[in-house]
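# Geometric and topological summary
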Amino acid sequence: MTTVPDTKDERRDAHRALREARQLLDPGLRAWVRRLPEPVARVASYHFGWTDSAGRPDTAPAGKALRPALVFGCAEAVGGRAADAVAPAVAVELIHNFSLLHDDILDGDATRRHRATAWAVFGSSAALLAGDALLNQAGRVLAEPGGPPHALTGVRWLSDATAQLIDGEQTDLAFEERARVSLDECLLMTERKTAALLACSCALGALWGGGDEHATETLRRFGHHLGMAFQLTDDLLGIWGDPRVTGKPAGADLASRKKSLPVVAALDSGTPAGHRLAELYTDEEPGEDGGVPVDTLAALVAEAGGRTWAEEATAEQLTLARGCLTALPGPPEAAAQLTALVNLVADRDH
Ligand SMILES: CC(C)=CCC/C(C)=C/CC/C(C)=C/COP(=O)(O)OP(=O)(O)O
């Protein structure tokens, strides 16, 4: 959504990195999901796009695998091998998908990745338990007997990131009940809900790649900035994204009165459009017919400067992320691949 100095080559590199991450990740991820009891294995398998609602093999979109790509990229950026970092890549993808399964129930979202959400197909109880099962498997993946000596550190980091994710989610939900939320509060919620897991993915990759403390903490910071930019873009797509590309209904965040970053920036702007938006957000709850058209709300967010603020904040976070990649100990191609992923986040449309 933001204009970046991108090239076709970089974009091709980034897509290749995501494809390769998916290939390296999938056998391990499938094996850990297969170990789950029925019916949670079937619900999880549907959620990942491997089977349809009747349990028949399917090839539905399984997600971008951004977090695993960061694990692998950061392992290589400190001079290690991506193939040695499969366990943390599987673990972060399990946590990510636990959070999506639960998030769809909490938000009542009926569509994800262009198909019906797991709860919409199998019911809330089944989807809730499938999420629980993925969360539990993530810890097991890292704590497997015979793992590396730093495995326990990895378990602690992942557990810390998951605690932040849960806290961020509950804060996000609490915002919906509040008339006013400050931008600082919203940024902190974003850091916890989204950036913490991306930062952890990068740190785990560096740890499994044998990086020293300085490189590992630099890459954790890289993941934090990339995560902030990722959620800012997600919030922009949640209002102005093309539903045919995002796989979610148009303006879904506005219809559910989410206090996402562009909305909070608009509400905080002190402009007439911001005041009008505040009246509509609090006084007119979405009714049977959806209440105020989301187009009206989206126009007010833009008029109050919320869209421009979010685009500028995204660009700032991406610049900070790129700045973390200048002096890494691994081969330059590995840092270049991470830069390509940054540009892909900058340019993402789903
Ligand atoms: C505890 C709990 C319920 C937490 C919820 C946290 C939550 C859903 C945060 C949103 C993060 C986000 C932008 C996900 C989309 O990731 P993506 O675009 O990488 O997804 P993909 O895998 O489909 O590509």
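Look above for the structure.
Residues numbered from 1 in each chain as written. Predicted model: local features only at pLDDT ≥ 70, side-chain atom pairs only at ≥ 80, totals over all residues. Heavy atoms only, no water.

Per the counting criterion, the structure on display carries 20 salt bridges. The partner of Glu217 in a salt bridge is Arg220, and the shortest N-O contact between them spans 3.0 Å. Separated by three residues within a single helix, Glu217 and Arg220 lie in helix 9 (residues 213–240), roughly one turn from each other. Taking the relative accessible area as the measure of exposure, Glu217 reaches 33% and is therefore partly exposed. Measuring nitrogen to oxygen at the nearest pair gives 2.7 Å for the salt bridge that ties Glu279 to Arg276. In this pair, Glu279 and Arg276 are both assigned in helix 13 (residues 272–283), three residues apart and thus about one turn of the helix distant. (Salt bridge = Lys/Arg side-chain N within 4 Å of Asp/Glu carboxyl O. Helix = DSSP H or I, 4+ residues; strand = E, 2+ residues; numbered from the N terminus. Buried < 20%, exposed > 50% of the residue type's maximum accessible area, 1.4 Å probe, protein only.)

Here Asp253 shows up in helix 11 (residues 252–255). Salt bridges are absent for the buried Asp253, whose nearest opposite-charge side chain, Lys258, sits at 6.2 Å. Dropping the residues within four chain positions of it, Asp253 is found in contact with Asp235, Gly238, Lys258 and Tyr281. (Lys, Arg positive; Asp, Glu negative; His and termini not counted. Contact = heavy atoms within 4.5 Å.)

Turning our eyes to something else, we now look at the site of the ligand. Surveying the vicinity of the ligand reveals 17 residues, the closest of which are Lys64, Arg67, His96, Arg113 and Glu169. Between the ligand and Arg67, the relevant distance is 2.8 Å, taken from an oxygen atom to a side-chain nitrogen or oxygen of the residue. In isolation the ligand exposes 640 Å². Once the protein is present, 92% of that is buried. Of all the secondary-structure elements, those providing two or more residues to the shell around the ligand are helix 4 (86–107), helix 7 (151–177), helix 8 (183–208) and helix 9. With five residues, helix 4 is the single largest residue contributor to the shell around the ligand. (Near = heavy atom within 4 Å. Polar contact = N/O pair within 3.5 Å; in protein donor to acceptor, adjacent residues only side chain to side chain. Areas by Shrake-Rupley, 256 points an atom, 1.4 Å probe, with all protein chains shown as cover.)

Evaluated as defined, the whole model comprises two aromatic pairs. Their ring planes at 75° and their centres at 5.4 Å tell us that Tyr46 and Phe122 sit as a pair that is edge-to-face. Pair noted here: Tyr46 is in helix 2 (residues 40–47) and Phe122 is in helix 5 (residues 118–122), with a separation of 76 residues, a long-range link. Tyr46 gets classed as buried once you look at its relative accessible area, which sits at 5%. A relative accessible area of 25% places Phe122 in the partly exposed class. Ring centres of Phe48 and Trp50 lie 4.7 Å apart, and the angle between their planes is 15°; on these two criteria the pair is classed as stacked. Classification of Trp50 by relative accessible area gives buried; the value is 9%. Here the guanidinium or amino end of Arg220 rests over the ring plane of Trp157, the centre of that ring lying 4.4 Å away. Taking the ring centre of Tyr281 as reference, the NZ or CZ of Arg257 above it sits at 5.6 Å. (Phe/Tyr/Trp six-rings, centres within 6.5 Å; stacked < 30°, edge-to-face > 60°. Lys NZ or Arg CZ within 6 Å of the ring centre and 35° of its normal.)

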